[in-house]
Amino acid sequence: MTILLVDSYDSFTFNLRSLIETATGEKVITIHNDTLDPADLGKYTDYFSSIIVGPGPGHPNIPSDVGLIPDLFNGTISKNPIPILGICLGFQALCLSQGCEINRLDSIKHGQVYPVSHTNTDRLFHNIPQDYKCVRYHSLYVPELNDQLVKLAVTQEIGSNEEIIMSARHVDKPWYGVQYHPESICSEAGEQLIKNFASIARKFNEKRPIKDYNELVLSNITNKIKYDELLPNSPLKEPVYFNYQELETTKSPIEMCDLLNSLDKEFIFLNSASFPGDWSIIALPSKTSTYITHSTECSSEVVLEINGSTKKETLSGTIWEYLSKFMSDKLCENQQKFPFIGGLLGIFSYEEGQFIDTTNLPKITSDNIPDTKLVYVEDCILVDQTTNKIYLTSLNPSFNFTELKELILKTHILKTDNKSIQTKSIIKPDRESYAQQFRKCQEYLSSGDSYELCLTSDTKISIPSSYKPWDIYKTLTSKNPSPYSAFLKFSDCILISSSPERFMKWDDNFCELRPIKGTVKKTPTIDFEKASSILNTPKEIGENLMIVDLIRHDLYNFLDKVKVQKLMQVEEYSTVYQLVSVIQGLFCNEYKGIDVLSKSLPPGSMTGAPKKRSVEILQQLENRRRGFYSGICGYWSIDNKSDWSVIIRSIFHYVNDLENNDEEQVWRIGAGGAITVLSDLEGEWQELLTKLDSALQTFT
Ligand SMILES: C=C(O[C@@H]1C=C(C(=O)O)C=C[C@H]1O)C(=O)O
Ligand SMILES: NC(=O)CC[C@H](N)C(=O)O
C-alpha cells in the first residue's frame, strides 16, 4: 500500500512522512502541491490507499499557496472518494471546500503546546486519551462548521476560554482533518492518530479498488516526484598516506598562531576550545594547496587557485555536486583519533543556501562575491583540549615535521597586549527602518505566511587599513570568548568569528545539529536561574520548538532515525544565556553528511519557518546580501568527519568591498533574532543590539 503526501513547501513535511511511515508501515510518496497538473490528478489517485495533505504557509483560498489541494475535495478526481487526512493548512482546505469560513485568530499560535479534548465519538481518536497535548502552528482557523462537517476535537484558548476547533470529519465522505501538528516533537498521540486514520482508510478501501503502485512507477510520474538527489560522494575507503607526531610544548594554540602570524605564514584557525567543541585546528595551507571559490553572481562557474595561478571550470551541476566529486577520490577510512586529518576548510555564505534569489540583490563587492570559499589543506597542528596534547599531522609524504617542530619550539615572540581597534566610522542599523521591517514581519505572521522570521540587519565599521586581521581576532575573542571561534583569512575575504552555535557535525555514522533560539542578556542582576525562568516562557519555547521541528524535517529528508537529544536547555555564554536543543540523526542508508548539508542551508535558526517562504519574505524586507553572516564555517575532513558553526557574532571583510578605500577597510557585522507573534518591537531591538555588541565591542 502506498500513501500520497502532499507538501505545501512546509518545513515540517518530512517529520510527517516519517510519522506516517512508522505508524502505518506503508510507503509514502511525497509531492509538492504544484508537482502535478490538477487535471491529471485522476490518473494517479487510484494507486494510493489514502492522501495526507500536510501543513504550509499561506491561506487555503490563495491558489498559489495550495496548488492542487482544492481539487482533491471537489469530487471530480475519482468516482470513489479517497480517504484524505488534512493537517493544518490541509484541514483548513477541507473545511473551505465544504463552504466554511476561514478567519484569522485573535491570538495567533506558533509553536504553542495546548491541551486538546476530543468527543470520543470517532475512530480517529481511538485509544487516544480524552485530553492530550498538541502543538499549534496557525494564524487562521475555522470558526464554525456547517452541516457537511462533524466536530471531533477542540481546544480552549488560555485567557478567553474561547473554543477553537482542532479536528473535524466530513459527514459521509472519508475526509478528516486536524488543525494542530501531530508530527511535532511536543505533540502527544501523533502516531496513534495516523494509525487510526490508516485503519479507517483500510476499512473504506475494502469497497474501493486500488491499483498496484508498481505499475505507476513504470510511468514517468515517479521521475517528476523524486526530489531527493543523491550526491556523488561514495567514499572509496582506500588507505591514504597519513602521518602524525606529538609535540611537547607549553605554547597555547593562540600563541602558536601568534608565531605563525609574526612570520607571515598562512594559517586557518578553527578554535573549538570549550564545550561542546573540544579541539583546536590550526590548518597550514601550502603553496600547492587548492583554493575553491564559487559565487552566486556567476553560479555556473567555479574558480580554482593553485600556486598563484587561477583556473576556471564550468559547473555541470551544483556546487555541492562539484565538492562531492572533488572529495570522492580523497575520502578514506576514519582515523578515529583526530577530528580532522586534512581536507576542506572554509565558508559558505547565506546566499549559497536554498531558496535565495540573488539576481536583484545590490552588489557589495566590485567583482564576484565569494559565496563558497574553501581551501584543501594537508598539514595541520591539532590540539586536543581535553588532554592538552598537541599533534602535527600531514597527508603529504614529504612534509618536514622537524622543521615545523623547531619553528614552534625555538621561536620566541614578544607577548603583545590585545589591541583595541580604533574605528573611523560605524554605521549601525537604523531603529526606524527596523521598526518598519518588524511591523511587516508581524503582518506576514498574522496572514499565515510564516510562523517565525529571523530578521537581521548589518553594521559597517570602517577602520584604518593598517590593522592586522589577527589582532582583530584576538581582540574579538578576548572580549567575547565562544566555543566556535574562527579565523579564516583568504586573499579576497576574511572571516573572524566568535560563534556560540554549532550548525552541523557529522561522521560516517551520525550527524548532530545544535540550534540556539532564545536569548537573554547577562547583567549583574540576571543569573542562570533568572535567565532560565525568562527563557521558560511560551515565546522562547515556541521560537526554539519551531526550529527543532524544522531541523528534524531537514534530517528526516535523508535519514530514518532522528532523535532530539536535548530539548531547550539553558546554556551560559560570556555575554548571553541561550536556549539550546540538540538533534541527532543516524546514517543508515546511502545518504551522507554532505547530502544533508546541501539541503539544510541556510541554517533554519537564521531563517525561521517554514524556511522557503520565510527566506523569500526576509529577502524582500532586508533587500541585502547577508554574505558570510548567517552562513557557516568549518571543515570536511577526508575521513568524512565534519563540523560547521553558524556565522553569527562575527566580523567579516571583503577585499573588493565597494565601500573600501585606500586608507580604510570596511568590516561587516550582522545581527538579528527570531520575530514571532509574541515578540515586541523594543524587546527585539534590544536583543539585536545585545548580539551586535558581542562582536562590535572589538572596536572602540
Ligand atoms: C540572528 C542571530 O542569532 C540567532 C538567533 C537567536 C535568537 O533569535 O534567539 C539565537 C541564536 C542564533 O541562532 C545573531 O546572533 O545575529
Ligand atoms: N501550519 C499550517 O499549516 C498553517 C496554515 C495556515 N498558513 C495558518 O497559518 O493558519
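Here the structure is a predicted model, which means the values were calculated and not measured.

This part covers the pattern of salt bridges. Under the definition given, this model contains 40 salt bridges. A salt bridge links Glu682 to Arg431; its shortest N-O distance comes to 2.3 Å. One end of the pair, Glu682, is in helix H18 (residues 681-696); the other, Arg431, is in helix H12 (residues 431-446), and 251 residues separate them in sequence. Among the ionic pairs, Asp458 bridges to Arg624, the shortest N-O distance being 3.8 Å. Taken together, the positions of Asp458 in strand E21 (residues 452-464) and Arg624 in the loop between helix H17 (611-622) and strand E30 (632-637) put the pair 166 residues apart, joining distant regions of the chain. Judged by its relative accessible area of 16%, Arg624 is buried. Taken together, the salt bridges that share partners define one network made up of Asp458, Glu622, Arg624, Arg626, Asp657 and Arg668.

Turning next to the site of ligand 1. Around ligand 1, the structure places 18 residues, and the nearest of them are Glu501, Lys517, Thr519, Tyr629 and Arg649. Contacts to ligand 1 include Tyr629, whose side-chain N or O atom sits 2.6 Å from an oxygen atom. The contact in question runs from an oxygen atom of ligand 1 to an N or O atom on the side chain of Lys691, over 3.4 Å. Taken by itself ligand 1 offers 390 Å² of open surface, and the protein chains cover 100% of this. If you list the elements that add at least two residues to the shell around ligand 1, you get strand E26 (516-521), strand E33 (664-675) and H18. Residues belonging to the shell around ligand 1 are distributed by class as follows: seven nonpolar, five polar and six charged.

With that settled, the discussion passes to the site of ligand 2. Within the structure, ligand 2 sits among 14 residues, and Gly56, Gly58, Cys88, Leu140 and His181 are positioned closest to it. In this structure, Leu140 approaches ligand 2 through a main-chain N or O atom, which is 2.8 Å from an oxygen atom. One of the backbone nitrogen or oxygen atoms of Gly448 is found 3.0 Å away from a nitrogen atom of ligand 2. The protein chains hide 100% of the 300 Å² of surface that ligand 2 would expose on its own. Broken down by secondary-structure element, the contributors of at least two residues to the shell around ligand 2 are helix H5 (89-97) and strand E6 (131-141). Residue contributions to the shell around ligand 2 peak at four residues, all from E6.

The next subject is the pairing of strand E1 (residues 2-7). Regular strands place side chains that alternate from one sheet face to the opposite one. Summarising burial for E1: six of the six residues are buried, a large majority. Strand direction decides the pairing type here: E1 and strand E2 (residues 27-32), joined by six bridges, are parallel. Paired with Ile3 across the strands is Val28, a residue of E2. Taken together, E1, helix H1 (residues 13-24) and E2 constitute a β-α-β crossover, and its handedness is right-handed. Where E1 lies against strand E3 (residues 50-53), four bridges are found, and the strand directions are parallel. When the sheet's bridge partners are listed, Leu4 is paired in E3 with Ile51.

The end-to-end C-alpha separation of H12 is 22 Å, in line with the 22 Å expected for 16 residues at 1.5 Å each. All of the buried residues along H12 are Tyr434, Ala435, Gln437, Phe438, Cys441, Gln442, Leu445 and Ser446. The elements touched by buried residues of H12 are strand E5 (103-118), E6, E21, H17, E33 and H18. Phi turns positive one or two residues past the end of H12, at Gly448, with a value near 90 degrees.

Moving on: the UniProt feature "domain: Anthranilate synthase component I N-terminal" (unreviewed entry) in the protein. UniProt annotation of "domain: Anthranilate synthase component I N-terminal" (unreviewed entry) refers to residues 252-392 when read in the numbering used here. With 14% helix and 35% strand, residues 252-392 has its two end C-alpha atoms placed 14 Å apart.

Here the focus is the packing of aromatic side chains. A complete count under the given rule lists 34 aromatic pairs for this structure. Geometrically, the ring pair formed by Phe528 and Tyr577 is edge-to-face, given 6.1 Å between the ring centres and 75 degrees between the ring planes. With Phe528 in helix H14 (residues 528-535) and Tyr577 in strand E28 (residues 576-586), the pair connects residues that are 49 residues apart, well separated along the chain. Classification of Phe528 by relative accessible area gives partly exposed; the value is 39%. Residue classification places Tyr577 among the buried residues on the basis of a relative accessible area of 4%. A ring pair is formed by Phe652 and Tyr654, whose centres lie 5.7 Å apart and whose planes are at 75 degrees; its orientation type is edge-to-face. The same class applies to Phe652 and to Tyr654, which are both buried. The lysine or arginine in question, Arg136, covers the ring of Tyr114, its NZ or CZ lying 4.5 Å from the ring centre.

Before going further, it helps to examine the sheet that holds strand E4 (residues 84-87). One key point about sheets: their strands pair by backbone hydrogen bonds, in either a parallel or an antiparallel sense. Pairing in this open sheet of nine strands is mixed, and the strands run E2-E1-E3-E4-E9-E8-E7-E5-E6 from one edge to the other. At either margin of the open sheet sits one strand with a lone partner, and together these are E2 and E6. Direction aside, the axes of adjacent strands within the sheet are offset by 30 degrees on average. As defined by bridge partners, strand E8 (residues 163-170) adjoins strand E9 (residues 175-178) across three bridges and the pair is classed as antiparallel. For Ser167, the partnering residue across the bridge sits in E9 and is Val178. Across the face of the sheet, H12 comes into contact with E5 and E6 while running at roughly 50 degrees to E5.

Before going further, it helps to spend a moment on unusual backbone geometry. Where the residue is not glycine, phi is negative for most of them; where a peptide bond is considered, it is trans in most cases. Cis peptide bonds are those with omega within 30 degrees of zero, and the linkage from Leu601 to Pro602 qualifies with -5 degrees. Positionally, Pro602 belongs in the loop between helix H16 (593-598) and strand E29 (608-609). Following Ala609, the chain continues to Pro610 via a peptide bond in cis, the omega torsion being -10 degrees. Within the secondary structure, Pro610 sits in the loop between E29 and H17.

In the numbering used here, UniProt assigns the feature "domain: Chorismate-utilising enzyme C-terminal" (unreviewed entry) to residues 431-691. Helix and strand shares over residues 431-691 are 32% and 36% respectively, and the end C-alpha atoms of the span are 15 Å apart.

What follows covers the confidence of the model for the protein. Note: predicted coordinates in regions of low pLDDT should not be interpreted at a detailed level. Across the protein, the average pLDDT comes to 93, with 97% of residues at 70 or higher. Residue range residues 223-227 is modelled with pLDDT below 50. Its contacts to residues more than four positions away, or to other chains, number 11 contacts.

Structurally, the position occupied by Lys203 is in helix H6 (residues 190-205). The class for Lys203 is partly exposed, based on a relative accessible area of 47%.

Time to look at the packing of helix H9 (residues 253-262) against helix H13 (residues 469-479). Helix-helix packing: each pair is described by the crossing angle between the helix axes and the interaxial distance. H13 packs onto H9 with a crossing angle of 160 degrees between their chain directions and a minimal axis gap of 11 Å. Taken together, the axes of H9 and H13 lie roughly antiparallel to each other. Note on packing geometry: the crossing formed by H9 with H13 is left-handed. Each of Ile254, Cys257, Asp258 and Asn261 in H9 lies in contact with H13, whose residues at this interface are Trp470, Tyr473 and Lys474.

Criteria and cut-off values
Residues numbered from 1 in each chain as written. Chains lettered and ligands numbered in written order. Predicted model: local features only at pLDDT ≥ 70, side-chain atom pairs only at ≥ 80, totals over all residues. Heavy atoms only, no water. Salt bridge = Lys/Arg side-chain N within 4 Å of Asp/Glu carboxyl O. Helix = DSSP H or I, 4+ residues; strand = E, 2+ residues; numbered from the N terminus. Buried < 20%, exposed > 50% of the residue type's maximum accessible area, 1.4 Å probe, protein only. Near = heavy atom within 4 Å. Polar contact = N/O pair within 3.5 Å; in protein donor to acceptor, adjacent residues only side chain to side chain. Areas by Shrake-Rupley, 256 points an atom, 1.4 Å probe, with all protein chains shown as cover. Nonpolar A, V, L, I, M, F, W, Y, C, P; charged D, E, K, R; others polar. Pairing = 2+ DSSP bridges. Right-handed = clockwise from strand over helix to strand, strands pointing away. Expected span 1.5 Å × (residues − 1). Contact = heavy atoms within 4.5 Å. UniProt positions renumbered as here; feature names shortened; annotations may be inferred. Phe/Tyr/Trp six-rings, centres within 6.5 Å; stacked < 30°, edge-to-face > 60°. Lys NZ or Arg CZ within 6 Å of the ring centre and 35° of its normal. Axes fitted to C-alpha atoms, helices over the stretch in contact; angles between N-to-C directions. pLDDT = per-residue confidence, 0-100. Parallel < 35°, antiparallel > 145°, perpendicular 65-115°, else oblique. Left-handed = near helix turned anticlockwise from the far one by under 90°.

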